[in-house]
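# Overview (structure and organization)
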Protein chains: 2
Amino acid sequence: MRRDVFQAIADPTRREIINLLAEKPLHLNAIADNFEISRPAISQQIKILIACGLITVKKEGRERYCELKFEKLNEVSKWVEQYRSFWTNKLDTLDNYLSEKTEVKPKTNKK
Amino acid sequence: MRRDVFQAIADPTRREIINLLAEKPLHLNAIADNFEISRPAISQQIKILIACGLITVKKEGRERYCELKFEKLNEVSKWVEQYRSFWTNKLDTLDNYLSEKTEVKPKTNKK
DNA sequence: TAAATGCGTAAGTGTTTGCTTACAAATATA
DNA sequence: TATATTTGTAAGCAAACACTTACGCATTTA
């Protein structure tokens, strides 16, 4: 059974879970509340995200808090960004890219 | 049948095909030469990459040249980069990221 | 202590995936 | 024209996937 980040983010439900956890850690039922599918279904998706290292779990009483490991997404980022020069050079969207990035990472020109 | 970029890049073979085509366009047999699996298997993978817009095909005689549409990867980039600030701020791997990027895109500080 | 809550997992199911071999169509070459 | 080359696709198959219901185990609450 393959368990890498690329396979993990291929599923829309799992990407949505990631999106939820990006805001703040949530326990399993709180996550499941956002979906139509059953609680065990979410539990299984969480299991996959844990297996590939995208989230970790903290036990608190009977609740399990899921926390996103953002840095695991770096694997995807590194893979996709190696091709960036090609499409930015070709389409001249470099400016858009830089201005977009500035929003999230203002320290582009570090001293 | 879902055909989005995330699902397309989930498969290692398809990522390898993308990697090959990043260097230069290739016709189908030339691609297949790089893999152990059969030619029809590659043909089917190519079909998926076409369906989601990651490659286009140019007919030349009896050969079909596959060309990578780099910019389609922007969908993945946009999704993953929205979370970058979280992991860079947290782990202070910004420097690594920037030096890595410099390798592939030397014109970061365009005049 | 009994009931409720939060969760994991087993078992079952229909669908999708990724491959194979076999075949056919289009184009190039002898 | 006969043959070789490049490719697409159909059919079949085993494995993986994404869900469901059912159940059991901790933990908390009444």
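Here is a short report on the structure shown in this document. (Residues numbered from 1 in each chain as written. Chains lettered and ligands numbered in written order. Predicted model: local features only at pLDDT ≥ 70, side-chain atom pairs only at ≥ 80, totals over all residues. Heavy atoms only, no water.)

## Regarding the nonpolar core
Convention followed: For our purposes a nonpolar core is just a set of buried Ala, Val, Leu, Ile, Met, Phe, Trp, Tyr and Cys residues, chained together by side-chain atoms within 4.5 Å. Relative accessible area decides the class of each residue, using a 1.4 Å probe on protein chains only: under 20% of the type maximum gives buried, over 50% gives exposed, and in between gives partly exposed. Here a residue-residue contact requires only that any non-hydrogen atoms of the pair lie within 4.5 Å.
Judged by nonpolar contacts, the single largest core of 60 residues is most densely connected at Ile9, Ile31 and Leu54 of chain A together with Ile9, Ile31 and Leu54 of chain B. Every residue in contact with Ile9 of chain B, bar those within four places of it in the chain, is listed here: Phe6 and Trp79 of chain A together with Arg15, Ile18, Leu54, Leu73 and Val76 of chain B.

## Points about the packing of aromatic side chains
Centre-to-centre distance and the angle between the planes together describe a pair of aromatic rings. Quick reminder of the rule: Stacked, tilted and edge-to-face are the three classes applied to pairs of Phe, Tyr and Trp rings, where Trp contributes its six-membered ring and a pair requires centres within 6.5 Å; stacked means planes under 30 degrees apart, edge-to-face means over 60, and tilted covers the rest. Numbering of helices and strands starts at the N terminus; helices are DSSP runs of H or I of at least 4 residues and strands are runs of E of at least 2. As a reminder, the over-ring test applies to NZ of lysine and CZ of arginine, requiring each to be within 6 Å of the ring centre and within 35 degrees of the ring normal.
Summed over the entire model, instances satisfying the criterion amount to 8 aromatic pairs over all chains. With 6.3 Å between their ring centres and 45° between their planes, Phe70 of chain A and Tyr83 of chain B make a pair best called tilted. Separated into two different chains, Phe70 of chain A in the loop between β3 (63–68) and α5 (74–81) and Tyr83 of chain B in the loop between α5 (74–81) and α6 (84–91) make up a pair that spans both. You can call Phe70 of chain A buried: its relative accessible area is 6%. Between Trp79 of chain A and Tyr83 of chain A the ring centres are 5.3 Å apart and the planes differ by 80°, which places this aromatic pair in the edge-to-face class. One exposure class covers both Trp79 of chain A and Tyr83 of chain A, and it is buried. Following the ring pairs from residue to residue traces out a cluster consisting of Phe6, Trp79, Tyr83 and Phe86 of chain A together with Phe70 of chain B. Between the NZ or CZ atom of Arg15 of chain A and the centre of the ring of Phe6 of chain B, over which it lies, the distance is 4.0 Å.

## Details of the protein's contact with DNA strand C
Applied cut-off: The nearness test applies per residue and asks whether one of its heavy atoms lies within 4 Å of the molecule or strand. Within 3.5 Å is the distance limit for a polar contact, defined as a pair of N or O atoms, with the added protein rule that one can donate a hydrogen and the other accept it, and that residues adjacent in sequence qualify only through two side-chain atoms. The nonpolar class holds Ala, Val, Leu, Ile, Met, Phe, Trp, Tyr, Cys and Pro. Asp, Glu, Lys and Arg form the charged class, and all remaining residues, Gly among them, are polar.
In the vicinity of DNA strand C, 26 residues are found, and the nearest of them are Leu28, Asn29 and Arg39 of chain A together with Ser38 and Gln45 of chain B. In DNA strand C, atoms within 4 Å of the protein come from the sugar-phosphate backbone in 61% of cases. A distance of 3.2 Å separates a base oxygen of DNA strand C from a polar atom in the side chain of Arg62 of chain A. By residue number, the principal contributor to the surface near DNA strand C is helix α4 (residues 39–51) of chain A, which donates 5 residues. Here the surface near DNA strand C is composed, by residue class, of 6 nonpolar, 10 polar and 10 charged.

## With respect to the sheet that holds strand β2 (residues 55–60) of chain A
Residues and elements named next belong to chain A. Using the following cut-off: At least two bridges found by DSSP between two strands is the condition for calling them paired. In this description, a line fitted to the C-alpha atoms serves as the axis of each element, helices being fitted only across the stretch in contact, and the angle between N-to-C directions of two axes falls anywhere from 0 to 180 degrees.
In spatial order, the strands read β1-β3-β2; together these 3 strands make up an open sheet with antiparallel pairing. Edge strands, defined here as strands with exactly one partner in the open sheet, are β1 (26–27) and β2. Sheet topology note: the β2/β3 ladder contains 6 bridges and is antiparallel. Looking across to β3, one finds that Lys59 is bridged to Arg64. Against the sheet, helix α2 (residues 12–23) contacts β1, β2 and β3, and its axis sits at roughly 95° relative to β3.

## Re the protein's contact with DNA strand D
The local shell around DNA strand D holds 25 residues, among which Ser38 and Gln45 of chain A together with Leu28, Asn29 and Arg39 of chain B are the closest. Asp11 of chain A is positioned such that a nitrogen or oxygen atom in its side chain is 3.3 Å from a phosphate oxygen of DNA strand D. In this structure, Arg64 of chain B approaches DNA strand D through a main-chain N or O atom, which is 3.2 Å from a phosphate oxygen. Those elements that place two or more of their residues in the surface near DNA strand D are α4 of chain A together with α3 (28–32), α4 (39–51) and β3 (63–68) of chain B. Counting residues per element, the surface near DNA strand D draws most heavily on α4 of chain B, which supplies 5 residues. Tallied by class, residues from the surface near DNA strand D come to 6 nonpolar, 9 polar and 10 charged.

## Here's the deal with the pattern of salt bridges
Once the charged atoms of two side chains with opposite charge are near each other, the side chains can pair. Applied cut-off: Salt bridge criterion: a side-chain nitrogen from Lys or Arg within 4 Å of a carboxyl oxygen from Asp or Glu.
According to the stated counting rule, one finds 8 salt bridges over all chains in the structure shown. Arg84 of chain A serves as the salt-bridge partner of Glu81 of chain A, at 2.6 Å between the closest nitrogen and oxygen. Overall, the relative accessible area of 2% leaves Arg84 of chain A in the buried class. A salt bridge links Glu67 of chain B to Lys58 of chain B, with the nearest nitrogen and oxygen atoms 3.1 Å apart. Looking at Glu67 of chain B, the relative accessible area reads 25%, which means it is partly exposed. What makes Lys58 of chain B partly exposed here is its relative accessible area of 48%.

## Regarding the side chain of Arg84 of chain A
Following the sequence through the fold, Arg84 of chain A ends up in helix α6 (residues 84–91). One polar contact links Arg84 of chain A to Ser77 of chain B, side chain to side chain, over a distance of 2.6 Å.

Note that all results are geometric; they support no functional claim without further evidence.
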